[in-house]
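What follows is each chain in one-letter form.
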Amino acid sequence: MRATAAVLLVLCLLALSHAWDCQVVVNINNLMQIDAGLGQVVATDTSQIPYYLVGDKWIRLPGSLKHITVGPAGIWGVNKEDSIYKYVAGNWVQAAGLLKQLDAGGNQFMVGVNMDDTPFCLTSSATVGYKGPGSPTSWTRLPGAAKYYSCGPFGCWAVNKNDDIFLMILNQDCQNNDWSHIDGKLSMIEVATDGSVFGVNSSGDVFTRDGITASKPEGTGWRKVPMFLRMKHVTYDLEHLWVVSKSAVTMVCTP
């Protein structure tokens, strides 16, 4: 295992020396999904075990989750039954509703999609104030359809079942301006807390969106990020690009 990791590391550095400096994450295996935000990193593995990164150590969190997210809205996750949980005082407390994927990267509001690809939003007051059963959780249904949804300071990005890409501007009360179609095709997409957007297409190629600002949230175009493996998941925070390959190799890359 150590020899394999060393070989992968050398290949990665050779392939990406002109763009990104990548290192294989050797102290955790078989990640399924990873999310970074506000200097924090969380992940789930193929056994649906959730983790939280402290220094260079992955701390196992309680429970079982297929998707986990961290950001201004806190730490949230969903399990294999699509039940929704928020991490409160060291424990998971269940919230109302069912979602297959969710994102905490918005301005303290939550977004997510259910098994029917229906997108939803939870206001910042409900998100931040949620402490457990009895706390108000009224999800707002949003227009359109999405299989993956992620938000940042300048807008929310989503992809649908056809890998079409869309952008929506949402406020803390879940008021929105509907979807705007964006060029390109991606199978998943993530927005960082600084507004950066990264995504992966069905072939496992990684892309980032250039030119994103508060006045131009749609940016100017896609730029491919060279990788020597085919990727399935990506997340970005504080100049650290975390990627999980289709073969379950996790790498962290810096510019």
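In this report, the structure presented in the accompanying data block is examined. Everything numeric in this text was worked out from a predicted model, so none of it was measured.

1. Here we look at the packing of aromatic side chains
Stage number 1. Scanning all chains against the criterion turns up 9 aromatic pairs.
Stage number 2. For the pair phenylalanine 166 and tryptophan 179, a centre-to-centre distance of 6.4 Å together with 70° between the ring planes defines the contact as edge-to-face. One end of the pair, phenylalanine 166, is in strand E16 (residues 164-168); the other, tryptophan 179, is in the loop between E16 and strand E17 (180-185), and 13 residues separate them in sequence.
Stage number 3. Residue classification places tryptophan 179 among the buried positions, given a relative accessible area of 17%.
Stage number 4. Within the aromatic cluster, the residues linked to one another by ring pairs are Trp20, Phe198 and Tyr236.

2. Quick look at the sheet that holds strand E4 (residues 50-54)
Stage number 1. An order of E2-E3-E4-E5 is seen for the 4 strands of this open sheet, with the pairing classed as antiparallel. Both edges of this open sheet fall to strand E2 (31-37) and strand E5 (57-60), since each of them pairs with a single strand only. Strand-to-strand twist across the sheet, computed as the mean angle between neighbouring axes with direction ignored, equals 30°.
Stage number 2. Here 4 bridges tie E4 to E5, and the two strands are oriented antiparallel to one another. The residue bridging tyrosine 52 from the neighbouring strand is isoleucine 59, located in E5.

3. Comments concerning the pairing of strand E18 (residues 188-191)
Stage number 1. Both faces of E18 are covered, namely the face carrying Met188 and Glu190 and the face carrying Ile189 and Val191.
Stage number 2. Linking two consecutive strands that pair antiparallel, namely E18 and strand E19 (residues 197-200), is a turn of 5 residues; a positive phi of about 95° is found at glycine 195 within it.

4. Thoughts on the environment of glutamine 94
Stage number 1. With respect to the secondary-structure elements, glutamine 94 resides in strand E9 (residues 91-98).
Stage number 2. Filtering out sequence-adjacent residues up to four positions away, glutamine 94 remains in contact with Ser83, Ile84, Tyr85, Tyr130 and Pro133.

5. Some remarks on the state of the cysteines
Stage number 1. Applying the stated rule across the entire model yields 3 disulfides.
Stage number 2. What pairs with cysteine 22 in a disulfide is cysteine 253, and their sulfur atoms sit 2.0 Å apart. One disulfide, between cysteine 22 and cysteine 253, carries an S-S torsion of 105° and so falls in the right-handed class. In this pair, cysteine 22 sits in strand E1 (residues 21-24) while cysteine 253 sits in strand E24 (residues 250-254), placing the two residues 231 residues apart along the sequence.
Stage number 3. Taking relative accessible area as the criterion, cysteine 253 reaches 0% and is therefore assigned buried.
Stage number 4. In this model, cysteine 121 is linked to cysteine 174 through a disulfide, with the two sulfur atoms separated by 2.1 Å. Taking the torsion about the S-S bond as the criterion, the cysteine 121 to cysteine 174 disulfide, at about -75°, is left-handed. In this pair, cysteine 121 is assigned in strand E12 (residues 119-122) and cysteine 174 in the loop between E16 and E17, connecting sequence segments 53 residues apart.
Stage number 5. Taking relative accessible area as the criterion, cysteine 121 reaches 0% and is therefore assigned buried.
Stage number 6. Once the bonded cysteines of the chain are numbered in order along the sequence, the disulfide links fall as 1-6, 2-5, 3-4.

Rules and cut-offs
Residues numbered from 1 in each chain as written. Predicted model: local features only at pLDDT ≥ 70, side-chain atom pairs only at ≥ 80, totals over all residues. Heavy atoms only, no water. Phe/Tyr/Trp six-rings, centres within 6.5 Å; stacked < 30°, edge-to-face > 60°. Helix = DSSP H or I, 4+ residues; strand = E, 2+ residues; numbered from the N terminus. Buried < 20%, exposed > 50% of the residue type's maximum accessible area, 1.4 Å probe, protein only. Pairing = 2+ DSSP bridges. Axes fitted to C-alpha atoms, helices over the stretch in contact; angles between N-to-C directions. Contact = heavy atoms within 4.5 Å. Disulfide = S-S within 2.5 Å.

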